[in-house]
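So you can see what is in the structure, the chains are spelled out below.
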Amino acid sequence: MYRERILVALQGSDADAAPLEAAKALAPLFDADVRGLFVEPDPAAYMLWTGPGAAGASVVSSAVDAVREEADKAHEAAKSGFDEVIKAGDLADGASFKRICDSPSDAAEQARLVRLLVTCPEAAAGKGPLADFTASCLVDEGCPVFVPRAGAIPPKSIAVAWDGSKEAARAAFAAQSLFGPSVAVKILHSPRNLDYHDRAAAAPNRLANWLKAREVEAVPVEVSGSGRVGEALLEAAGNVDLIVAGAYGHSRIAQFMFGGVTRTLLTAQDAPSLLIAH
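We now turn to the structure provided with this report. (Residues numbered from 1 in each chain as written. Predicted model: local features only at pLDDT ≥ 70, side-chain atom pairs only at ≥ 80, totals over all residues. Heavy atoms only, no water.)

**Section: unusual backbone geometry**
- Looking along the chain, the bond that leaves isoleucine 153 and enters proline 154 is cis, with omega of 5°.
- Note that proline 154 resides in the loop between β5 (145–147) and β6 (157–161).
- A positive phi is found at aspartate 90, a non-glycine position, where the angle reads about 55°.
- Its location among the elements puts aspartate 90 in the loop between α2 (54–88) and β3 (96–101).
- Despite not being glycine, aspartate 270 shows a phi value in the positive range, around 55°.
- By the secondary structure assignment, aspartate 270 is in the loop between α10 (260–267) and β10 (273–277).
- With relative accessibility at 80%, the residue aspartate 270 sits in the exposed group. (Helix = DSSP H or I, 4+ residues; strand = E, 2+ residues; numbered from the N terminus. Buried < 20%, exposed > 50% of the residue type's maximum accessible area, 1.4 Å probe, protein only.)

**Regarding the pattern of salt bridges**
- Counted by the stated rule, this structure contains 12 salt bridges.
- Here glutamate 21 makes a salt bridge to lysine 24, at a shortest N to O gap of 3.1 Å. With glutamate 21 and lysine 24 both in helix α1 (residues 17–30) and 3 residues apart, this pair spans about one turn of that helix.
- Given a relative accessible area of 40%, glutamate 21 falls into the partly exposed group.
- The closest approach of N and O atoms between lysine 73 and glutamate 70, which form a salt bridge, is 3.7 Å. Of this pair, lysine 73 and glutamate 70 are both found in helix α2, 3 residues apart, which corresponds to roughly one turn of the helix.
- You can call glutamate 70 partly exposed: its relative accessible area is 49%. (Salt bridge = Lys/Arg side-chain N within 4 Å of Asp/Glu carboxyl O.)

This is the structure in structure tokens:
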């Protein structure tokens with residue numbers, strides 16, 4: 001029996017390939033089983049009022065039937081892709097697949113007691129059918145999210161965006177299984193707009209000491225420049241395999257990892273993979 005669970009969000013399209021392969025590679029690193037989740041739209045959400053009479057009812061009924069038919073096709077495609085990857089990765093023990101029809105916030109309850117949600121870059125960027133579900137898992141359920149983009153799994157190099165916040169700390173904890181003596185780690189930090197108290201909380205040595213206890217020697221890198229912090233973070237991260245960051249916080253600490261910065265990290269194209277936690 002595995003100790004952890006990895007949830008992979010599926011939509012029955014070509015976009016499923018990257019998260020499925022990532023989940024397969026991450027599972028042994030976290031001693032986790034893999035659980036596929038197909039989140040289909042609730043047909044009731046498409047039932048707009050069309051006016052009185054049989055004609056309006058007929059239009060609504062036809063639309064709902066069409067949505068259900070497309071959902072059935074997407075479900076079959078998602079299940080087929082999931083089964084293929086599970087078999088290739090020899091992960092059948094503990095693996096499961098579930099189809100759920102619910103609102104994004106209610107469906108996100110499936111992320112409870114899950115170590116990571118793996119989702120496609122499109123959903124992380126706020127686009128496509130899984131966007132609201134992904135956001136609910138991250139923000140409402142507090143489930144760390146892994147977004148596979150460029151970079152090896154397991155990562156050989158990691159950049160941690162550090163501001164001393166609880167969100168950044170949770171992201172570091174979520175990524176704990178990915179750190180190791182052979183992994184090159186750099187701590188990205190910025191002193192911009194920080195008062196004395198905030199500078200103490202955001203000091204990179206706090207994270208460096210935590211990593212050192214795990215036999216990881218991290219190198220602090222100050223994020224400089226007068227432009228947008230999110231873009232500066234991506235530039236400082238360079239060609240690492242993975243960026244680890246906090247998300248959607250409301251700290252006084254210079255909004256270092258929040259708001260527009262978080263959005264920049266989530267929407268970046270051709271960027272390293274991302275592990276983000278709230």
